[in-house]
Amino acid sequence: MTRLRVRALCCLVVAVALVAATSTVAASASFRSIGLRMVVPLGDVPFLLGLEASADVSFGVASATFFLSARGETVIAISGDVRLSNDPDSAEIFLRFSTGISYFDPTQAYPAPFLGAGFSWNARLTSAISASLAGEFLYPLSFPVPLVTVAGKWSPG
(Lines give C-alpha, C1' and ligand atoms only; values in the text may rest on other atoms or scores of the structure.)
Protein backbone atom coordinates (compact mmCIF):
# COMPACT_ATOMS: atom_id res chain seq x y z
CA MET A 1 0.00 0.00 0.00
CA THR A 2 1.30 3.43 -0.85
CA ARG A 3 1.80 6.08 1.80
CA LEU A 4 -1.05 8.16 0.36
CA ARG A 5 -3.49 5.24 0.60
CA VAL A 6 -2.44 4.50 4.18
CA ARG A 7 -3.10 8.13 5.12
CA ALA A 8 -6.48 8.04 3.33
CA LEU A 9 -7.37 4.85 5.19
CA CYS A 10 -6.38 6.42 8.53
CA CYS A 11 -8.54 9.49 7.80
CA LEU A 12 -11.46 7.24 6.90
CA VAL A 13 -11.10 5.23 10.14
CA VAL A 14 -10.96 8.45 12.20
CA ALA A 15 -14.04 9.81 10.40
CA VAL A 16 -16.02 6.62 11.03
CA ALA A 17 -14.98 6.61 14.70
CA LEU A 18 -16.02 10.27 15.06
CA VAL A 19 -19.42 9.63 13.52
CA ALA A 20 -19.99 6.57 15.71
CA ALA A 21 -18.96 8.40 18.89
CA THR A 22 -21.01 11.46 18.00
CA SER A 23 -24.15 9.46 17.24
CA THR A 24 -23.84 7.55 20.52
CA VAL A 25 -23.49 10.75 22.56
CA ALA A 26 -26.10 12.65 20.50
CA ALA A 27 -28.80 10.09 21.28
CA SER A 28 -28.92 11.27 24.92
CA ALA A 29 -27.98 14.93 24.31
CA SER A 30 -30.10 18.03 24.80
CA PHE A 31 -29.32 21.23 22.88
CA ARG A 32 -27.29 23.70 24.96
CA SER A 33 -26.10 26.59 22.76
CA ILE A 34 -24.93 27.86 19.41
CA GLY A 35 -22.26 30.49 18.98
CA LEU A 36 -19.13 31.90 17.41
CA ARG A 37 -15.70 30.63 18.48
CA MET A 38 -12.45 32.39 17.58
CA VAL A 39 -8.91 31.01 17.68
CA VAL A 40 -6.54 33.46 19.38
CA PRO A 41 -3.60 33.74 16.93
CA LEU A 42 -0.58 32.89 19.12
CA GLY A 43 2.73 32.14 17.39
CA ASP A 44 2.16 30.65 13.93
CA VAL A 45 -1.48 29.79 14.60
CA PRO A 46 -3.71 31.51 12.01
CA PHE A 47 -6.76 33.59 12.92
CA LEU A 48 -9.71 31.22 12.58
CA LEU A 49 -13.38 31.98 13.13
CA GLY A 50 -15.92 29.24 13.56
CA LEU A 51 -19.47 28.21 14.27
CA GLU A 52 -20.02 26.01 17.30
CA ALA A 53 -23.01 23.99 18.46
CA SER A 54 -23.07 22.32 21.86
CA ALA A 55 -25.30 19.95 23.80
CA ASP A 56 -25.60 18.81 27.41
CA VAL A 57 -24.66 15.15 27.84
CA SER A 58 -24.31 12.88 30.86
CA PHE A 59 -20.63 13.71 31.51
CA GLY A 60 -20.81 17.46 30.75
CA VAL A 61 -20.96 19.15 27.35
CA ALA A 62 -20.32 17.90 23.80
CA SER A 63 -19.61 20.41 21.04
CA ALA A 64 -18.78 20.53 17.35
CA THR A 65 -16.97 23.46 15.73
CA PHE A 66 -16.20 24.34 12.12
CA PHE A 67 -13.33 26.86 11.85
CA LEU A 68 -12.33 28.70 8.67
CA SER A 69 -9.66 31.33 7.95
CA ALA A 70 -9.59 34.01 5.25
CA ARG A 71 -6.98 31.91 3.35
CA GLY A 72 -9.15 28.78 3.35
CA GLU A 73 -7.44 26.99 6.25
CA THR A 74 -9.97 24.71 7.93
CA VAL A 75 -10.38 22.91 11.24
CA ILE A 76 -13.32 20.68 12.16
CA ALA A 77 -13.28 19.76 15.85
CA ILE A 78 -15.48 17.68 18.13
CA SER A 79 -14.97 18.24 21.86
CA GLY A 80 -16.17 16.54 25.00
CA ASP A 81 -16.04 18.67 28.14
CA VAL A 82 -16.08 16.72 31.41
CA ARG A 83 -17.58 18.89 34.15
CA LEU A 84 -15.22 19.65 37.06
CA SER A 85 -17.45 22.19 38.85
CA ASN A 86 -20.98 21.63 40.14
CA ASP A 87 -22.77 24.99 39.75
CA PRO A 88 -24.18 25.36 36.19
CA ASP A 89 -25.76 28.75 37.03
CA SER A 90 -22.37 30.43 37.46
CA ALA A 91 -18.99 29.85 35.83
CA GLU A 92 -18.21 26.21 34.99
CA ILE A 93 -14.81 24.56 34.59
CA PHE A 94 -14.32 21.56 32.31
CA LEU A 95 -11.60 19.10 31.35
CA ARG A 96 -11.70 19.19 27.52
CA PHE A 97 -10.92 16.33 25.14
CA SER A 98 -10.93 17.09 21.41
CA THR A 99 -10.50 15.34 18.11
CA GLY A 100 -10.95 16.35 14.52
CA ILE A 101 -9.19 17.22 11.31
CA SER A 102 -7.15 20.20 10.13
CA TYR A 103 -6.40 21.26 6.58
CA PHE A 104 -3.77 24.01 6.32
CA ASP A 105 -1.64 23.01 3.33
CA PRO A 106 -3.31 23.09 -0.12
CA THR A 107 -0.70 20.63 -1.45
CA GLN A 108 -1.77 17.83 0.92
CA ALA A 109 -4.27 15.36 -0.47
CA TYR A 110 -6.17 14.70 2.77
CA PRO A 111 -6.76 16.59 6.01
CA ALA A 112 -4.60 15.75 9.04
CA PRO A 113 -6.37 14.17 12.04
CA PHE A 114 -5.56 15.38 15.57
CA LEU A 115 -6.30 14.62 19.24
CA GLY A 116 -6.10 17.06 22.11
CA ALA A 117 -6.73 17.77 25.77
CA GLY A 118 -6.94 20.87 27.91
CA PHE A 119 -9.31 22.97 30.00
CA SER A 120 -12.32 25.15 29.24
CA TRP A 121 -14.22 27.73 31.26
CA ASN A 122 -17.80 28.81 30.60
CA ALA A 123 -19.57 31.78 32.25
CA ARG A 124 -23.23 32.65 31.89
CA LEU A 125 -23.53 36.43 31.31
CA THR A 126 -27.33 36.61 31.06
CA SER A 127 -30.07 34.00 30.92
CA ALA A 128 -29.45 33.51 27.18
CA ILE A 129 -25.84 34.66 26.61
CA SER A 130 -22.63 32.99 27.78
CA ALA A 131 -18.92 33.31 27.08
CA SER A 132 -16.19 30.70 27.18
CA LEU A 133 -12.42 30.36 27.06
CA ALA A 134 -10.55 27.15 26.22
CA GLY A 135 -6.92 26.15 25.99
CA GLU A 136 -5.71 22.78 24.77
CA PHE A 137 -2.69 20.97 23.42
CA LEU A 138 -3.22 19.12 20.14
CA TYR A 139 -1.32 16.09 18.81
CA PRO A 140 0.14 15.67 16.27
CA LEU A 141 1.27 19.22 16.49
CA SER A 142 -1.20 20.81 14.11
CA PHE A 143 -0.47 23.92 16.17
CA PRO A 144 2.99 24.73 17.62
CA VAL A 145 1.56 26.33 20.79
CA PRO A 146 -1.56 25.57 22.82
CA LEU A 147 -4.75 26.25 20.88
CA VAL A 148 -6.53 29.06 22.75
CA THR A 149 -10.10 29.91 21.78
CA VAL A 150 -12.77 32.33 23.00
CA ALA A 151 -16.48 32.10 22.26
CA GLY A 152 -19.76 33.92 22.63
CA LYS A 153 -22.84 31.68 22.80
CA TRP A 154 -26.59 31.97 22.72
CA SER A 155 -28.79 29.52 24.60
CA PRO A 156 -32.55 29.29 24.05
CA GLY A 157 -34.78 29.58 27.12
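Before going into details, it helps to say that this report is about the structure given with it. Keep in mind the model is a prediction, meaning the values are calculated, not measured. (Residues numbered from 1 in each chain as written. Predicted model: local features only at pLDDT ≥ 70, side-chain atom pairs only at ≥ 80, totals over all residues. Heavy atoms only, no water.)

**Considerations on a nonpolar patch on the surface**
Okay, so step 1: Together, Leu84, Ile93, Phe119, Trp121, Leu133 and Val150 line one region of the surface with nonpolar side chains, adding up to about 550 Å² of accessible area.
Okay, so step 2: Take Trp121: it is sitting in strand E6 (residues 112-124).
Okay, so step 3: With a relative accessible area of 38%, Trp121 lands in the partly exposed category. (Patch = residues over 30% accessible without salt bridge, like charges linked within 9 Å, V, L, I, M, F, W, Y side chains within 5 Å. Areas by Shrake-Rupley, 256 points an atom, 1.4 Å probe, with all protein chains shown as cover. Salt bridge = Lys/Arg side-chain N within 4 Å of Asp/Glu carboxyl O. Helix = DSSP H or I, 4+ residues; strand = E, 2+ residues; numbered from the N terminus. Buried < 20%, exposed > 50% of the residue type's maximum accessible area, 1.4 Å probe, protein only.)

**As for the sheet that holds strand E5 (residues 92-103)**
Okay, so step 1: Strand order in this closed barrel of eight strands is E1-E2-E3-E4-E5-E6-E7-E8, and the pairing throughout is antiparallel. The average undirected angle you get between the axes of adjacent strands in this sheet is 25°.
Okay, so step 2: Where strand E7 (residues 129-139) and strand E8 (residues 147-154) come together, eight bridges link them in antiparallel fashion. Within the sheet, the bridge partner assigned to Glu136 lies in E8 and is Leu147. (Pairing = 2+ DSSP bridges. Axes fitted to C-alpha atoms, helices over the stretch in contact; angles between N-to-C directions.)

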